[in-house]
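What follows is the residue order along each chain.
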Amino acid sequence: MKLPQGRRTRLFLTGWTDYAWSSDNLAASHSGKALSPPALQVKNKRGEWQTVIENIGIPVGRPQTVIADLTDKFLSASREVRIVTNMRIYWDQILVDISPLNFPMQLTKLTPAVADLRWRGFSHEYSPDQREPMQYDYDRVSFTSPWKVMTGRYTREGDVRELLSETDDIFVISRPGDEIVLWFPANKLPPLPRGWKRTFLLYADGFSKEMDINSASPDQVGPLPFHGMSKYPYASPERYPLTPKHQKYLETYNTRVVTSPVAKLY
């Protein structure tokens, strides 16, 4: 791909990622293979491809947009770029922005006025063209779970604003079929100057876990992740923080228990 001239250059890459499951990764490791996240390369003065961004990120799951800033990254007069990866990423659209970014911008942060965890069910999964990625119809709900449920302690239903106020290791642990309803106070937004418009961004931080047989403890919620862990599952001396604040959180909020059925003795 050859880009137009411009001092500031950014790529807006929209697509979706077809993830490898834990069993796929295990098989790859046995074959001496490893995932290579998408790296962005340009040509240097010798005409050779050279990596200038080791990892531009991936569109997480469903179609999303990744931004790659190439400002001051070109190594020669060439404006050719390429993305190198062995991950199965389906890029659907790539846009180029060479605007000078000299327009004013103001960031306003809102915390939820309402954050309610509740049971809802499962949105109908479909594909208009019978191909992936799948889409979901929020208005068509089923109460039959397409997945099993991990055993362990989940966050009780109700108000969870306290758990979503900042990035930390205090999570809303939701089970399949749950939803979190969020309301933000629009009256807390400053008036828009003439000619301005708003863009809304939802910032979310968290972890997800799958039930692939080769995943870490795929049958249970624990051990809980935390931001400082070196890997998952972690090993001693690493552990989930158990400060008085964290202990109170575990005892107060995570009271919805899913147990395994007891095997019959006959």
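As the structure is a computational prediction, the values presented were derived from the model and not from experiment. (Residues numbered from 1 in each chain as written. Predicted model: local features only at pLDDT ≥ 70, side-chain atom pairs only at ≥ 80, totals over all residues. Heavy atoms only, no water.)

Draft legend 1. Geometry of the sheet that holds strand β5 (residues 81-84). Spatially, β3-β2-β5 is the arrangement adopted by the 3 strands of the open sheet, whose pairing is antiparallel. Unpaired on one side and paired on the other, β3 (49-53) and β5 mark the two borders of the sheet. Recorded for the sheet is a direction-independent mean angle of 40° between the axes of neighbouring strands. (Pairing = 2+ DSSP bridges. Helix = DSSP H or I, 4+ residues; strand = E, 2+ residues; numbered from the N terminus. Axes fitted to C-alpha atoms, helices over the stretch in contact; angles between N-to-C directions.)

Draft legend 2. Representation of the packing of aromatic side chains within the structure. Overall, the coordinates contain 7 aromatic pairs when judged by the stated rule. A ring pair is formed by Phe 171 and Phe 207, whose centres lie 5.8 Å apart and whose planes are at 90°; its orientation type is edge-to-face. Of this pair, Phe 171 sits in the loop between β11 (158-159) and β12 (178-183) while Phe 207 sits in the loop between β12 and α2 (244-253); the two residues are 36 residues apart in sequence, bridging distant segments of the chain. Exposure remark for Phe 207: the relative accessible area of 41% places this residue in the partly exposed category. Taken together through their ring pairs, the aromatic side chains of Trp 119, Phe 122 and Trp 147 make up a single cluster. The aromatic ring of Phe 74 is capped on one face by Arg 79, whose charged end is 4.0 Å from the ring centroid. Over the ring of Tyr 138 we find Arg 120, and its NZ or CZ is 3.6 Å from the ring centre. (Phe/Tyr/Trp six-rings, centres within 6.5 Å; stacked < 30°, edge-to-face > 60°. Buried < 20%, exposed > 50% of the residue type's maximum accessible area, 1.4 Å probe, protein only. Lys NZ or Arg CZ within 6 Å of the ring centre and 35° of its normal.)

Draft legend 3. Geometry of the side chain of Ser 215. Within the secondary structure, Ser 215 is located in the loop between β12 and α2. According to the relative accessible area criterion, Ser 215 is buried, its value standing at 13%. Side-chain polar atoms of Ser 215 contact the side chain of Ser 22, separated by 2.7 Å. A polar contact is formed between the side chain of Ser 215 and the side chain of Glu 210, at a distance of 2.9 Å. Setting aside its immediate chain neighbours within four residues, Ser 215 contacts Ser 22 and Glu 210. (Polar contact = N/O pair within 3.5 Å; in protein donor to acceptor, adjacent residues only side chain to side chain. Contact = heavy atoms within 4.5 Å.)

Draft legend 4. The pattern of salt bridges, seen in detail. According to the stated counting rule, one finds 10 salt bridges in the structure shown. For Lys 43, the salt bridge identified is with Glu 80, shortest N-O distance 3.3 Å. On the criterion of sequence distance, the pair formed by Lys 43 in strand β2 (residues 39-43) and Glu 80 in the loop between β4 (64-69) and β5 is long-range, its members being 37 residues apart. On the basis of relative accessible area, Glu 80 is assigned to the partly exposed category, the value being 30%. The partner of Glu 179 in a salt bridge is Arg 120, and the shortest N-O contact between them spans 3.6 Å. Of this pair, Glu 179 sits in strand β12 while Arg 120 sits in the loop between β7 (114-119) and β8 (122-126), and the two are 59 residues apart along the sequence. Shared partners join several salt bridges into a network, and the residues in it are Arg 118, Arg 120 and Glu 179. (Salt bridge = Lys/Arg side-chain N within 4 Å of Asp/Glu carboxyl O.)

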